[in-house]
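# Structural description and commentary
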Amino acid sequence: MEREESTSSDTKGTWCRSPGLWAAVAAALVTASLLLDLALGAASPFGDSAMLVMPYQMLIGDFARAGELLLWNPWMNGGSPDGFEPQFGALSPLVVAVAWLGGGGPASFLLLFVGVWSLSAAGFARLARHLGAPPSAQLALALAWVTNGAFTSHAGHANILHATAFLPWILLFLDRALVGRGTTRWVDAAVAGALWGLAALAGYPAIAAITGLFAAGWCAWRCFVSDPSGEGRPTHPAAAAVLLTLFGLVGFVVLAPNHIGFALEADGYTERGGVLDRAYATGWRIDFPHHANALEPRALAGIVHPGVAPAATAPGQTVLRYTDPTSAGLHVGLGTLVLAALVVARSPRRAVGLLLLGLLFLGLALGSVLPLRAWLYDLVPPTRTFRHPSLFRIPFLLVLALLAAQGSALLVRREGLDRGTRRFALVAVVCSAIVSVVVHVGLDLPLSLPTILWWSAAHVVGFAVLASRRFARPVAVYVWIALEAVASLAASSPLVRTGPERTERLARDHVASLELGTAGFERHAFAQTVTPWAEGELLGGRLGAEHLQFRDPANLTAKRPALVSRSSMSNHHHFMLVQEPSLLAQALGPNRVFFARAAVPLERTNEHFGLYFHFASLGQALLVVHGEHGALPPGTTSRDAARDAELQPLGFLVAEYTPRTLEIHLDPPPADDGWIYVTERWAAGWRAAVDGVATPVVPAGFVWRAVRAERGSRVVRFEYRPRTFPALWLASWGTLFAVFALAVVRAARSHVRSMPSARA
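Parameters and conventions
Residues numbered from 1 in each chain as written. Predicted model: local features only at pLDDT ≥ 70, side-chain atom pairs only at ≥ 80, totals over all residues. Heavy atoms only, no water. Salt bridge = Lys/Arg side-chain N within 4 Å of Asp/Glu carboxyl O. Helix = DSSP H or I, 4+ residues; strand = E, 2+ residues; numbered from the N terminus. Buried < 20%, exposed > 50% of the residue type's maximum accessible area, 1.4 Å probe, protein only. Arc of directions from axis to C-beta. Pairing = 2+ DSSP bridges. Axes fitted to C-alpha atoms, helices over the stretch in contact; angles between N-to-C directions. Contact = heavy atoms within 4.5 Å.

Evaluation of the coordinates by the stated rule reveals 19 salt bridges. Between Glu656 and Arg717 there is a salt bridge, and its shortest N-O distance comes to 2.8 Å. In this pair, Glu656 sits in strand β7 (residues 652-658) while Arg717 sits in strand β14 (residues 715-720), placing the two residues 61 residues apart along the sequence. On the basis of relative accessible area, Glu656 is assigned to the partly exposed category, the value being 30%. The closest approach of N and O atoms between Glu719 and Arg721, which form a salt bridge, is 2.7 Å. A single salt-bridge network, built from bridges that share partners, covers Glu656, Glu663, Arg717, Glu719 and Arg721.

Tracing the backbone through its elements, the reader meets Asp267 in the loop between α12 (237-265) and α13 (278-282). Classification of Asp267 by relative accessible area gives exposed; the value is 57%. With 407 residues separating them in the primary sequence, Asp267 and Gly674 have C-alpha atoms 27 Å apart.

Okay, helix α25 (residues 532-539) next. When we look at burial in α25, the residues that qualify are Ala534, Glu535, Glu537 and Leu538. The buried residues of α25 occupy one face: seen down the axis, they fall within an arc of 160°. Residues of α25 that are exposed and angled more than 90 degrees away from the buried face: Pro532 and Trp533. Positioned one or two residues after α25, Gly541 has a phi angle of 75°, which is positive.

Before going further, it helps to spend a moment on the sheet that holds strand β10 (residues 686-690). If you trace the five strands from one edge of the open sheet to the other, you get β7-β8-β14-β10-β11, paired in antiparallel fashion. At either margin of the open sheet sits one strand with a lone partner, and together these are β7 and β11 (693-695). Pairwise comparison of adjacent strand axes, ignoring direction, gives a mean angle of 20° for this sheet. Here β10 pairs with β14 via five bridges, running antiparallel. Its bridge partner lying in β14, Ala689 is registered against Arg717.

Quick look at the environment of Thr503 now. Along the chain, Thr503 turns up in helix α23 (residues 501-509). By relative accessible area, Thr503 is classed as buried at 5%. Spatially, the C-alpha atom of Thr503 lies 8.4 Å from that of Ala42, the residues being 461 residues apart in sequence. When near neighbours in sequence (up to four residues on either side) are disregarded, Thr503 contacts Gly41, Ala43, Ser44, Pro45, Met54, Pro106 and Leu110.

In short, geometric facts, not functional conclusions.
Written out as structure tokens, the structure is:
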């Protein structure tokens, strides 16, 4: 029986001299070739990847080419602290570097999108080798990993895909630390933490939290199971705790710039980022948990039937009741399932614990029918800030792929497919076919031809390989898995790519310059992609809440300041004020500076906003301010202030307008003491000086900003200086550089030490 070379976690030389390196390189190259049309711009990514993330990362590239970091975005919704939004990666060295290389065009995003996806395949190949899989299994299972439901269903969410892609690399270095010996294990733990933080700098925050929880669960599992070679002892709980702490500390420092920065800068700017209602976050004990987006039990059929998630995208579908189709992908491939089942059945002592860990995360994903997610909400406060329990299924898919890697290692130890193994695998294939047919009939799936061909070929080829004595070899099984992975990506293409129109439009309208000036101060209603009819309806006050349907961040690439754009930092008051023509008029055009002798203090509550909105609809444009700096002078009542709070247009000249600076010269200067009100968005990082004297920037008009000014004031200067920048940014990038440099030095020393033995 043909036997492939076995590998283990024991490092007999450096990473670059590893005998399994070709599998990692091949996995990355094959993945990139499968996504070549995206990399070349011949197709656009699906969903938010093209409609939201691509314009933002093109903007990051423009900032990088100008020698700056994107902190404040003046073109979005009247201004936005997008540098601290983790999902866009403005403070990620990886995103900034690739965006700089791409020159700010669509290639800035596409290169990163395809590159990270491909590197995840290489990472899983290395992780599979670490678990003892032979090279051909490493390649096949790596392809199965990057074509499973986590990738194909979330290809339209580039931030989720980005964070998910780092999982194999994080786990590889963390497990090397847990099963390693000596001082190198501390370096591996630090590298794992640095990679976790790097993924979080441009990934969906929920995935960062889930990754941290999975890392803790993996450390607990390693306290009961020995290293992949089976020769060592389980990790001591104290050592695992120290390594996990090091992992967490390094990762926290790296991810701090935009996570801590977001908590500070987004406070008062957006409703996102705060603690969510328990039912809304988990889906537990609510009648229709659509908004929570938990994984419903019907979606579990996707484990054996690849057509569930694609079928759920059809118009008027009844396959899924409350889970978004892009969050329902659970397929990993029939061959992967067979190998995973094999190791659970034949080596339960080493596999059952890992399977239970995966099932725990699957249970968390089922937040609407199981209380696990609700319990986690109660016990771990950071998990109260995000919803989408369905995302917890991603570690479960990773566990299935890792069990398959252990299954391939089991075949090596058994020297191939013996009669008992073949019989077990054949039974598994037949059972999968029966269950798939039951699922198809039970859910009445409207399947496409590619899905039918994919499902049929997977079972027919698998059965033929396992039933034939001539071809029943491990290599044939791995070829089966690889071909199934390629078919999986092809059948899931509607969730991965679409036509090139979006990419071409953004490339055609791209303006690299960051200059604003007087012309940049003139704000438009929408991006230039919105029809003149819709803009006219908005300006006439006839569009109402339907204006949300016309949000488009395409204005970022064309550098067109827009009041209504699509952003993850939503604000209900901002959405509402554009529905009132008098308030809308204050926020559009070039004349957006006003004066009032007094201001009415109001809390930023929905009740007070309703009162403000009502008076505005009656034609009473009053200045309202919020916070401690807007308190009334002693002896003044709100009624007194209201008499002098009427807003008057003020003459001014724009002396300087950059992404982080606005200086206006008042002409003529105000004749009385009062307030200068500017319809530019407020955030905690804005600082101001009036005639060179520092003055607090006060939130006003619920979303805008104002400063006090004395009679005769001439110069008002605003500067955006966030409290966390550049301290946390320097700490983050400095830690990344130090940890990776230490890892390179360690690898170089290992290479030098191995040279004499290699020559011998």
